[in-house]
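# Structure at a glance
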Amino acid sequence: MSIPTYVPGHGLLRGKSVLITAAAGAGIGFSAALRAAEEGCRALMISDIHEGRLQEAAAKIREATGLEQVHGQVCNVTSEEQVQALVAAAERELEGVDVLINNAGLGGSRLLVEMSDEEWHRVLDVTLTGTMRMTRAMLPKMIERQRGVIVNNASVLGWRAQKEQSHYAAAKAGVMALTRCAAVEAAEHGIRINAVSPSIALHDFLKRSAPKELLDQLASREAFGRAAEVWEVANVMMFLASDYSSYMTGEVLSVSSQRA
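Residues numbered from 1 in each chain as written. Predicted model: local features only at pLDDT ≥ 70, side-chain atom pairs only at ≥ 80, totals over all residues. Heavy atoms only, no water.

## Describing the overall build of the protein chain
Test applied: Only DSSP runs of H or I reaching four residues or more are called helices, and only runs of E reaching two or more are called strands; each is numbered from the N terminus. Exposed residues in this analysis have more than 50% of their type's maximum accessible area, buried residues have under 20%, and partly exposed residues fall in between, with area computed by a 1.4 Å probe over protein chains only. The Shrake-Rupley method, run with a 1.4 Å probe sphere, supplies the accessible areas, and residue values consider only the shown protein chains as cover.
Within the protein chain, the secondary structure is distributed over eight helices and nine strands. Across its three principal directions, the C-alpha atoms of the protein chain cover 45 × 40 × 40 Å. Every one of the 260 residues in the protein chain was classed for burial, and the buried ones make up 49%. With the model as given, the accessible surface of the protein chain reaches about 12,400 Å², and the carbon-plus-sulfur share is 52%.

## Remarks on the state of the cysteines
Condition: Cysteine sulfurs are considered disulfide-paired once they come within 2.5 Å of each other.
Tallied over the entire structure, the rule returns zero disulfides. In this structure C75 is not part of a disulfide, and its nearest cysteine sulfur, from C41, lies 19 Å away.

## Side note on the pattern of salt bridges
We apply this condition: By definition here, a salt bridge exists when the distance from a side-chain nitrogen of Lys or Arg to a carboxyl oxygen of Asp or Glu is within 4 Å.
Inspection of every chain in the model, using the stated rule, returns 11 salt bridges. The salt bridge involving D98 is made with R147; its shortest N-O contact spans 2.6 Å. Of this pair, D98 sits in the loop between α3 (80–93) and β4 (99–102) while R147 sits in the loop between α4 (117–145) and β5 (148–153), placing them 49 residues apart in sequence. Since its relative accessible area comes to 13%, D98 is described here as buried.

## Comments concerning the environment of K141
Selection rule: Contacts were defined at the residue level, with two residues in contact if any of their heavy atoms lie within 4.5 Å.
Within the secondary structure, K141 is located in helix α4. Distance in space between the C-alpha atoms of K141 and A33 is 21 Å, their sequence separation being 108 residues. Setting aside its immediate chain neighbours within four residues, K141 contacts V87 and E91.

## Some words on the nonpolar core
For clarity, the cut-off: Residues enter a nonpolar core if they are buried and are Ala, Val, Leu, Ile, Met, Phe, Trp, Tyr or Cys, with the set joined through side-chain atoms within 4.5 Å.
Among the nonpolar cores identified, the biggest contains 36 residues, and V18, I20, L44, I46, I61, I101 and M237 are the most heavily contacted of them. Elements supplying a minimum of two residues to this core: β1 (17–20), α1 (28–38), β2 (43–48), α2 (51–65), β4, β5 and α8 (230–241). Listed in part, the 26 residues of the second largest apolar core include V83, L100, A104 and I191.

## A word on the sheet that holds strand β9 (residues 252–255)
Short version of the rule: Pairing between strands requires that DSSP locate at least two bridges from one strand to the other. The angle between two axes is taken between their N-to-C directions and runs from 0 to 180 degrees, where each axis is a line fitted to C-alpha atoms and a helix contributes only its stretch in contact.
Taken together, seven strands build an open sheet; the order of strands is β3-β2-β1-β4-β5-β6-β9 and the sheet is parallel. With partners counted over all chains shown, the strands left at the sheet margins are β3 (70–74) and β9, one partner each. Strand-to-strand twist in this sheet, taken as the mean axis angle between neighbours without regard to direction, amounts to 20 degrees. As paired elements, β4 and β5 share four bridges and run parallel to each other. Note on β5: the bridge partner recorded for I101 is V151. Contacts between α8 and the sheet are confined to β4, β5, β6 (191–198) and β9, with β6 contributing the most and set at about 165 degrees to the helix.

## Thoughts on the packing of aromatic side chains
Worth spelling out the cut-off: In summary, the pairing rule links any two rings of Phe, Tyr or Trp, Trp by its six-membered ring, whose centres are within 6.5 Å, and it sorts them by plane angle into stacked for under 30 degrees, edge-to-face for over 60 and tilted for everything else.
Taken as a whole and assessed by the stated rule, the structure comprises one aromatic pair. Between Y6 and W231, the ring centres sit 5.0 Å apart and the planes meet at 65 degrees, which makes this aromatic pair edge-to-face. Of the two residues, Y6 is situated in the segment before β1 and W231 in helix α8; the sequence distance between them amounts to 225 residues. By relative accessible area, Y6 is classed as partly exposed at 32%. Judged by its relative accessible area of 12%, W231 is buried.

Taken by themselves, the reported measurements are silent on function.
Given below as structure tokens:
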């Protein structure tokens, strides 16, 4: 089935400031950052662990959208010090953060019986604990303002089983649970926390890191017979970040066409 036409922005984030982690590659994070600018955000900060790639991504967004207020800040979400520095920089440069998108995550393939403690902890530290660190650091700022939105990136593997994905699936299931529990705590302060749960979204890094046969097999299971485009996932993130989802919190939206 053919890929649908890229939908132009409709001003969903007009006047809002946005912070996105792991947004300097070719994946969902960069697409979400580009989308945020296209949807009219007033200021944007992207973070990544690769400084050179980060500055290139910020320049691309400025050139493509005309948004001048695009900032880059190096951050490894496994470091509490760097997380705190990122939040402080975003609060300062963006004059307060309206939307946080937690996109940082780490995958891999390994049979459980062959998995080392180091592999297990590394995936969970980036994917689950990194999301927790960012949320924990941002919430006090949002609570002070009594408003804000957080969107987390989970995965259908938080619900479904796949061989060699025990660490990644456990981390993403944890992101789902974190989303629900944090949302209940934040609701009384006017803050919403939701998550997207993509199945397979193709981008260059995934194509390089996973066998083509596996990617083709996973795509064939989708009702549309193809993988999602990264911007199709980003579109749902923009909906959750916008005021159109004002009565939604603690929800995990599946961005998937897989058959039941």
